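Each chain is listed here by its residues.
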Amino acid sequence: MATKPIREFYACVAFIPFPTALLAEYVRKPEQRTTAVAVYSGTLAVTAIFFTILWLYVAGNYRLVDRNLHPTLLQSMTHRYLVGMALYILAFALAFIDVVVTLLLIVGLALLFVLPEQASVLVKPYVVVRTRPPKTRSRTRFGKPQDRLSRG
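Only a predicted model underlies this, so the values are computations on that prediction, with no experimental measurement involved.

About the cut-offs
- Residues numbered from 1 in each chain as written.
- Predicted model: local features only at pLDDT ≥ 70, side-chain atom pairs only at ≥ 80, totals over all residues.
- Heavy atoms only, no water.
- Helix = DSSP H or I, 4+ residues; strand = E, 2+ residues; numbered from the N terminus.
- Contact = heavy atoms within 4.5 Å.
- Areas by Shrake-Rupley, 256 points an atom, 1.4 Å probe, with all protein chains shown as cover.
- Axes fitted to C-alpha atoms, helices over the stretch in contact; angles between N-to-C directions.
- Parallel < 35°, antiparallel > 145°, perpendicular 65-115°, else oblique.
- Nonpolar A, V, L, I, M, F, W, Y, C, P; charged D, E, K, R; others polar.
- Left-handed = near helix turned anticlockwise from the far one by under 90°.

**Student:** Any chance you could explain the overall build of the protein here in plain terms?
**Tutor:** Along the backbone of the protein there are six helices and two strands. Tracing the protein from N to C terminus, the helices and strands come up as α-α-α-α-α-α-β-β. Within the protein, counting contacts between residues at least 6 apart in sequence, those at least 24 apart form 60% of the total. Accessible surface, the protein: about 11400 Å² in total, of which carbon and sulfur atoms supply 64%.

Next up, the structure:
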């Protein structure tokens, strides 16, 4: 059984301010720029990995997503997160080659995740309509069902 990586994801999110401050302080110093960008992009890559694992867990078999969500939209979101994770890992590898390209890629990825899903425009969402409210039943102290009486 897969473990829920929520704690690891939250730890990564809580850690992000440290490499961000490190990047802000050392990005102007050429001798330390590569290390600062590598730590920053590495943190984002690890965060993306844990986020993707978490998404695959919650979206698998509609475990924790709305069952009325269209399968095309769900696949589109999963694809976007997998590609994003791979690009964050690529950004980390590029940090040792070209710092500017790495930072541009990170900015591009941030913009990618701000934009809406394309499939949401193409797919009409399902609408669930209830014709009548469900019957409510309560249980007595002894566990036997009992119809609720409305007080008027």
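Having put the structure on the table, let's press on.
**Student:** What am I meant to see in the packing of helix H1 (residues 6-15) against helix H2 (residues 17-26) here?
**Tutor:** Two quantities define a packed helix pair, namely the angle between the axes and the distance from one axis to the other. Where H1 meets H2, the closest approach of the two axes is 5 Å, and the angle between their N-to-C directions is 30 degrees. It follows that H1 is roughly parallel to H2 by the angle criterion. On H2, the residues that touch Val 13, Ala 14 and Phe 15 of H1 are Pro 17, Phe 18 and Pro 19. Taken together, the residues of the contact of H1 with H2 sort by class into six nonpolar, no polar and no charged.

**Student:** Explanation requested: the packing of helix H3 (residues 30-59) against helix H4 (residues 71-94) in the structure shown.
**Tutor:** Contact geometry of H3 with H4 gives a least axis separation of 8 Å together with a crossing angle of 155 degrees. Our classification of the angle between H3 and H4 gives roughly antiparallel. Viewed along their axes, H3 and H4 form a crossing whose handedness is left-handed. In this structure, H3 contributes Ala 38, Ser 41, Gly 42, Leu 44, Ala 45, Ala 48, Ile 49, Phe 51, Thr 52, Trp 55, Leu 56 and Ala 59 to the contact, and H4 contributes Leu 74, Met 77, Thr 78, Tyr 81, Leu 82, Met 85, Tyr 88, Ile 89, Ala 91 and Phe 92. Its residues placed into classes, the contact of H3 with H4 shows 18 nonpolar, four polar and no charged.

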